[in-house]
Structure formats: structure tokens, C-alpha cells
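Coordinate analysis (summary)
Next come the chains, spelled out residue by residue.
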Amino acid sequence: SQTIHQWPATLVQPVGSPLSLECTVEGTSNPNLYWYRQAAGRGLQLLFYSVGIGQISSEVPQNLSASRPQDRQFILSSKKLLLSDSGFYLCAWSVRTALQFGQGTRLTVV
Amino acid sequence: AQSVTQLDSHVSVSEGTPVLLRCNYSSSYSPSLFWYVQHPNKGLQLLLKYTSAATLVKGINGFEAEFKKSETSFHLTKPSAHMSDAAEYFCVVSDRNFGNEKLTFGTGTRLTIIP
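For the structure given in this document, a descriptive report is provided here. (Residues numbered from 1 in each chain as written. Chains lettered and ligands numbered in written order. Predicted model: local features only at pLDDT ≥ 70, side-chain atom pairs only at ≥ 80, totals over all residues. Heavy atoms only, no water.)

**Quick word on the overall build of chain A**
Each helix and strand in chain A was counted, giving 0 helices and 11 strands. Along the chain direction, N to C, the helices and strands of chain A fall in the order β-β-β-β-β-β-β-β-β-β-β. Against the 2.2 N^0.38 benchmark of 13 Å for 110 residues, chain A shows a C-alpha radius of gyration of 13 Å, consistent with a compact globule. When the backbone C-alpha atoms are referred to their principal axes, chain A occupies close to 40 × 25 × 20 Å. Looking at chain A as a whole, 47% of its 110 residues are labelled buried. Expressed as a percentage of contacts within chain A between residues at least 6 apart in sequence, the contacts between residues at least 24 apart total 54%. Summed over its atoms, the accessible surface of chain A is roughly 5,300 Å², and 51% of this surface lies on carbon and sulfur atoms. Positive and negative side-chain charges in chain A, numbering 8 and 5 respectively, have mean positions lying 6 Å apart. (Helix = DSSP H or I, 4+ residues; strand = E, 2+ residues; numbered from the N terminus. Rg over C-alpha atoms; globule rule 2.2 N^0.38 Å. Buried < 20%, exposed > 50% of the residue type's maximum accessible area, 1.4 Å probe, protein only. Contact = heavy atoms within 4.5 Å. Areas by Shrake-Rupley, 256 points an atom, 1.4 Å probe, with all protein chains shown as cover. Lys, Arg positive; Asp, Glu negative; His and termini not counted. Charge placed at Lys NZ, Arg CZ, Asp CG, Glu CD.)

**A closer look at unusual backbone geometry**
Look at the link from Trp7(A) to Pro8(A): it is a cis peptide, with omega at 0°. Position of Pro8(A) relative to the elements: it lies in the loop between strand E1 (3–7) and strand E2 (10–13). One non-glycine residue with positive phi stands out, namely Asn61(B), at about 60°. Its location among the elements puts Asn61(B) in the loop between strand E7 (56–58) and strand E8 (64–68).

**Considering the interface of chain B and chain A**
At the junction of the two partners, chain B supplies 16 residues and chain A supplies 20 residues. Carbon and sulfur atoms supply 53% of the area buried between chain B and chain A, which totals about 1,400 Å² over both sides. Applying the counting rule to chain B against chain A returns 0 salt bridges. Contributing elements (two or more residues each) for the side of chain B that touches chain A: strand E5 (31–38), strand E6 (44–50) and strand E11 (103–105) of chain B. (Buried area = accessible area lost by both parts, 1.4 Å probe. Salt bridge = Lys/Arg side-chain N within 4 Å of Asp/Glu carboxyl O.)

**Digging into the pairing of strand E5 (residues 44–52) of chain A**
Residue and element names in this part refer to chain A. Counting buried positions along E5 yields 7 of 9 residues, so the element is predominantly enclosed. Relative to E5, strand E4 (residues 32–38) runs antiparallel, the two sharing 6 bridges. By the bridge assignment, arginine 37 is partnered in E5 with glutamine 45. Alignment of E5 against strand E6 (residues 55–58), held across 3 bridges, turns out to be antiparallel. Of the residues in E6, the one forming a bridge with tyrosine 49 is serine 57. Between E5 and E6, which pair antiparallel in sequence order, lie 2 residues; one of them, glycine 54, sits at a positive phi of approximately 75°. (Pairing = 2+ DSSP bridges.)

**Re the pairing of strand E3 (residues 19–26) of chain A**
Residue and element names in this part refer to chain A. With 5 bridges joining them, E1 and E3 adopt antiparallel strand pairing. Paired with glutamine 6 across the bridge in E3 is cysteine 23. When E3 meets strand E8 (residues 73–78), the two strands line up antiparallel, connected through 6 bridges. Note on E8: the bridge partner recorded for leucine 19 is serine 78.

**Points about the state of the cysteines**
Per the stated rule, a full pass over the model turns up 2 disulfides over all chains. Put simply, Cys23(A) and Cys91(A) are joined by a disulfide, and their sulfur atoms are 2.0 Å apart. A torsion of -75° about the S-S bond marks the disulfide between Cys23(A) and Cys91(A) as left-handed. Of this pair, Cys23(A) sits in strand E3 while Cys91(A) sits in strand E9 (residues 87–94), and the two are 68 residues apart along the sequence. Bridging Cys23(B) to Cys91(B), the disulfide has an S-S length of 2.0 Å. The sign of the S-S torsion, about -65°, decides the handedness of the disulfide formed by Cys23(B) and Cys91(B): left-handed. With a gap of 68 residues between them, Cys23(B) in strand E4 (residues 23–26) and Cys91(B) in strand E10 (residues 87–95) connect regions that are remote in the sequence. For the pair Cys23(B) and Cys91(B), a shared accessibility class is recorded, and that class is buried. (Disulfide = S-S within 2.5 Å.)

**Things to note about the pattern of salt bridges**
Once their charged atoms are close, side chains differing in charge can pair, the charge on each being opposite to the other. All names here are of chain A. Throughout the structure, instances matching the rule amount to 6 salt bridges over all chains. Between arginine 37 and aspartate 85 there is a salt bridge; the shortest N-O distance is 3.8 Å. Within this pair, whereas arginine 37 is found in strand E4, its partner aspartate 85 is found in the loop between E8 and E9, the two being separated by 48 residues in sequence. For the salt bridge of arginine 68 with aspartate 71, the shortest nitrogen-to-oxygen distance reads 3.3 Å. Assessed through its relative accessible area of 21%, aspartate 71 is described here as partly exposed.

Structure below.
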């Protein structure tokens, strides 16, 4: 069966520090991969999606970037975090099916 | 363009009574519709999905939803609420022609279960 792993579960980082969140999928090949952000009391915002290795589409301009170095690995990064980057980050995957989400990372920028 | 409106930001029901979470959608094309549930500080879990087959869709944990094209609605129901149903619920619409890259999420409905 397919599983998705996302880590860390929680993270507290100072303003101006770098960020790296990792997501991996097991049990499937060539999935579409997604990064979403969920701000407090709001819906989900799509940040990036990828349909293959090295292929990244950005939905909104921001302080973040994404990379897909391997078929089932998706990384969300930032060189310098802002206070506004705080939120709940969710990785998701799909292969011609509904999205399946990871457990999320709670990022607090202080 | 597509959109989804969850008509109630917060719903409270007593344990053992029916649950109704309302969702209306707008889509220029043939939509796919989904309901997800999110428990605190957890990821979203798929409850059920409609993709043009039967209009009454049954999901996990006793939930079901009915696609009504004439009313552009996809309301989520459950005959008898359980304490474990307390969570945030999201209605989602996608354009079937464009796939998951064009998902639109509702703003969520928080369901509270009264003992």
C-alpha cells in the first residue's frame, strides 16, 4: 500500500533562518506531488506541485522554493524565513486519484 | 472558474443525532467533488469522492454525500454522530479536465459533538 511520510511534525525557527521540509512517498511510482500551506482559520493554499523529477510549478510568488530530486521525494525550502511563513504545511500525492495527504508540519517562525 | 462554498463555519450536534455539513459549488465543467476530514494538527483524510458515477456516494466512517447538479450542492451527512467525528471538514471541487492541479478547497466547517 502507498504511504506518505512528512517530517518534522513541528518546527520552531527564528526569522532569517533557512528551512527544509521533506516529504517522501512509498508504494507508488511517478506520483504527482504537492505542497500546501494552511494558515490559522483558513483553507488550504497550493504552493507548489510537481509532475516529475525536476519539474516544479509554483502557484504563488513567495519566499519559498521546492525541489524534486528523486521520483518520490519532494522538498520545501527557504533561504531566509519570514514571520509570515508560519503555518501548517502539508505534502500530498496523487496518481490519477484523489489527493492523499501527509501528517503535516507545524512551522512557527519567531 | 470554479469555487466552493461551505455554508457553515461551525456546526454543533449532540452525540447520536444526524450530521449535515453543507457545500455548494460552482464549476464551468464537469466537476469532481471531495470531502476531507482533518483532526487537530493532522493531515487531511479523504472521506469520499464523486467523479461522475453514482450521485449518492458512500464514504468511510458512515459518512455519505449526494451530488445534486440542479442545486449545485454536495452536502455531507451521517445518520448518527459519534464523539470521534469532531474535526474540521473540507469540501473540495476540481475540474475533471485538469486534474488535481486545479483543486479548490472550501474554508472548512468545524464540527463539534456535544456529549
